[in-house]
Amino acid sequence: VTDAVAFNPPTTATYTVISHQYVIDTIEQALADNGFTVSEEVYRCTTDAKVAHGAFHIEYDGDPDLGLMYTFSNSYDKSLRFKAAIGAHVYANGGYMLSNIDNWKRKHTGTADNETETLINDHIANAHAYFDQLKADKDSMQEIEIDKITFGGMIGQMFMLGYLTIDQL
């Protein structure tokens, strides 16, 4: 992503640039300002770098099964709106847990760049509370016992409703 971030589309009357580098720099600064240390950064982008995704794994001793993380997706080609969320990464399988309550999407118009910075700062300032809620959700789910028939039915419903792909199934 770093080599590709040099390309920024021009701002127009109907398009406000939210550059990948701006997002990354804002996240890194907000994490530092709130006393967090990043243990790993994971970036993915399209060949032309018009779409980028990033995840920051953050050192945090809140749970032996989960780690704190921050993630974003951004595009220059209008294929997706900017979105970002605080969450947890699962040590056992590398998966992510994100809260729908804290998922935010924004078109690249008007003051989108300023709103993006405010959102990132708010997310990270409240990261402990978001993580604690995800941990509580995980703990309560661990208390639920289900048999194989019920489990299979749930997986089938998630697939039929489009929440799982055939590869995930």
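Because the structure is a prediction, the values reported are computed rather than measured.

Draft legend 1. Spotlight on the packing of helix 1 (residues 20–33) against helix 2 (residues 112–125). Between helix 1 and helix 2, the least distance of the axes is 9 Å, while the angle of their chain directions is 30 degrees. Classified by the angle between their axes, helix 1 and helix 2 sit roughly parallel to one another. As for the relative orientation of helix 1 and helix 2, their crossing is right-handed in sense. Together, Y22, V23, T26, I27, A30 and L31 of helix 1 and D113, T116, E117, I120, N121 and I124 of helix 2 make up the contact between the two elements. Per-class residue counts for the contact of helix 1 with helix 2 are seven nonpolar, three polar and two charged.

Draft legend 2. Focus on the pattern of salt bridges. By the definition in use, this model includes five salt bridges. Notably, a salt bridge pairs D63 with K138, separated by 3.0 Å at the nearest N-O pair. Of the two residues, D63 sits in the loop between strand 2 (51–58) and strand 3 (66–75) while K138 sits in helix 3 (residues 127–142), which places them 75 residues apart along the sequence. An identical accessibility class is assigned to D63 and K138; each is buried. Connected through shared salt-bridge partners, D63, D65, K135, K138 and D139 make up one network.

Draft legend 3. Just helix 1, in detail. Between its first and last C-alpha atoms helix 1 spans 20 Å; for 14 residues at 1.5 Å apiece the expected length is 20 Å, and the two agree. Considered for burial, the residues of helix 1 that qualify are H20, V23, I24, T26, I27, A30 and L31. The buried side chains of helix 1 occupy one side of the element, clustering within an arc of 165 degrees when seen end-on. Exposed residues lying more than 90 degrees from the buried face of helix 1 are A32 and D33. Where helix 1 is buried, its residues meet strand 1 (38–45), strand 2, strand 3, strand 4 (82–90) and helix 2.

Draft legend 4. Representation of helix 2 within the structure. In this model helix 2 runs 20 Å from its N-terminal to its C-terminal C-alpha over 14 residues, within 8% of the 20 Å that 1.5 Å per residue would give. Buried within helix 2 we find A112, T116, L119, I120, H123 and I124. The buried side chains of helix 2 occupy one side of the element, clustering within an arc of 120 degrees when seen end-on.

Draft legend 5. Geometry of the packing of aromatic side chains. The tally for this structure, following the rule as stated, stands at two aromatic pairs. A centroid spacing of 4.9 Å and a plane angle of 85 degrees characterise the contact between Y60 and F131, whose relative ring orientation is edge-to-face. Residue Y60 is found in the loop between strand 2 and strand 3, and its partner F131 is found in helix 3; the two are separated by 71 residues along the sequence. When sorted by exposure, Y60 lands in the same class as F131, which is buried.

The rules we used
Residues numbered from 1 in each chain as written. Predicted model: local features only at pLDDT ≥ 70, side-chain atom pairs only at ≥ 80, totals over all residues. Heavy atoms only, no water. Axes fitted to C-alpha atoms, helices over the stretch in contact; angles between N-to-C directions. Helix = DSSP H or I, 4+ residues; strand = E, 2+ residues; numbered from the N terminus. Parallel < 35°, antiparallel > 145°, perpendicular 65-115°, else oblique. Left-handed = near helix turned anticlockwise from the far one by under 90°. Contact = heavy atoms within 4.5 Å. Nonpolar A, V, L, I, M, F, W, Y, C, P; charged D, E, K, R; others polar. Salt bridge = Lys/Arg side-chain N within 4 Å of Asp/Glu carboxyl O. Buried < 20%, exposed > 50% of the residue type's maximum accessible area, 1.4 Å probe, protein only. Expected span 1.5 Å × (residues − 1). Arc of directions from axis to C-beta. Phe/Tyr/Trp six-rings, centres within 6.5 Å; stacked < 30°, edge-to-face > 60°.

Such coordinate-based values are descriptive only and should not be taken to indicate function.
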